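Chain and residue survey
The primary structure of each chain is shown beneath.
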Amino acid sequence: IRPVQVTLPDESEGYYSLGTTLAEKNHPDARTYLLRAIEINPEYYEAHNNLGMFYVQIGDYAAAEKYLRRALELRPDAQVARENYRRLEALLNRR
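Just so it is clear, the model here is predicted, and its values are computed rather than measured. Position numbers for residues count from 1 along each chain, tracking the sequence in the order it is written. Whole-chain, interface and lining totals are the exception, using all residues; otherwise, since this is a predicted model, local features are given only for residues with pLDDT of at least 70 and side-chain atom pairs are given and counted only at 80 or more. Only hydrogens and water are set aside when side-chain values are computed; all heavy atoms of the structure are taken into account.

Two rings from Phe, Tyr or Trp (for Trp, the six-membered ring) form a pair when their centres sit within 6.5 Å of each other. Planes less than 30 degrees apart are called stacked, planes more than 60 degrees apart edge-to-face, and all others tilted. For the structure on display, the rule yields four aromatic pairs. With centroids separated by 5.9 Å and ring planes inclined at 25°, the aromatic side chains of Tyr-55 and Tyr-67 adopt a geometry described as stacked. One end of the pair, Tyr-55, is in helix H3 (residues 45-58); the other, Tyr-67, is in helix H4 (residues 61-74), and twelve residues separate them in sequence. For the pair shown, Tyr-55 and Tyr-67 are each scored as buried. An aromatic cluster of at least three residues, connected via ring pairs, comprises Phe-54, Tyr-55 and Tyr-67. Helix and strand definitions here come from DSSP, where helices need a minimum of 4 consecutive H or I residues and strands a minimum of 2 consecutive E residues; each element is numbered from the N-terminal end. Only protein chains enter the accessibility calculation, which uses a 1.4 Å probe; a residue is then buried when its area is under 20% of its type maximum, exposed when over 50%, and partly exposed in between.

This is the structure we're talking about:
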């Protein structure tokens, strides 16, 4: 009998998907799942970006800035991240 190696999909993707779905519904558990995705894969650009936007939705602009900046560090060429960061800056300038 030979051992069988099973490859599981990247666990961070499941947490990311659930967190993103919850964020779209403005559900507070979105933060937990997106943070877990980042914990598993700290280079997960999309998770940083979506978590940043979740924080914008709930008005935590300091946390939003942290995660949106990190998204831009990971993918400086990402148009979505640049647009999201500009939205945050516009909100901060209105205060």
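The next thing to look at is the nonpolar core. Residues belong to a common nonpolar core when they are buried Ala, Val, Leu, Ile, Met, Phe, Trp, Tyr or Cys residues joined through side-chain atoms within 4.5 Å. One finds Leu-51, Val-56 and Leu-88 to be the most contacted residues of the largest nonpolar core, which totals 27 residues. Listing elements by their share of this core, those giving two or more residues are helix H1 (11-24), helix H2 (30-40), H3, H4 and helix H5 (79-94). Here this core takes eight residues from H4, the largest share from any one element. Beyond its immediate chain neighbours, meaning those up to four positions away, Leu-51 contacts Arg-31, Leu-34, Leu-35, Ile-38 and Tyr-67. Contact criterion: two residues are considered in contact whenever any of their non-hydrogen atoms come within 4.5 Å of each other.

Turning next to the side chain of Asn-84. As for its position among the elements, Asn-84 is in helix H5. In this view, Asn-84 contacts Asn-49, Met-53 and Leu-68; residues no more than four positions away in its chain are not counted.

Along an α-helix, residues three or four positions apart point the same way, because every turn accommodates 3.6 residues. With 14 residues, H4 should reach 20 Å at 1.5 Å per residue; the first-to-last C-alpha distance of 20 Å fits that figure. When H4 is considered as a whole, its buried residues turn out to be Tyr-61, Ala-63, Ala-64, Tyr-67, Leu-68, Ala-71, Leu-72 and Leu-74. Around the axis of H4, the buried residues are gathered within 165° of arc, so they sit on the same side. Among the exposed residues of H4, those pointing more than 90 degrees away from its buried face are Ala-62, Lys-66 and Glu-73. To estimate how far a helix should reach, multiply one less than its number of residues by 1.5 Å. Read the arc as the range of directions from the helix axis to the C-beta atoms.

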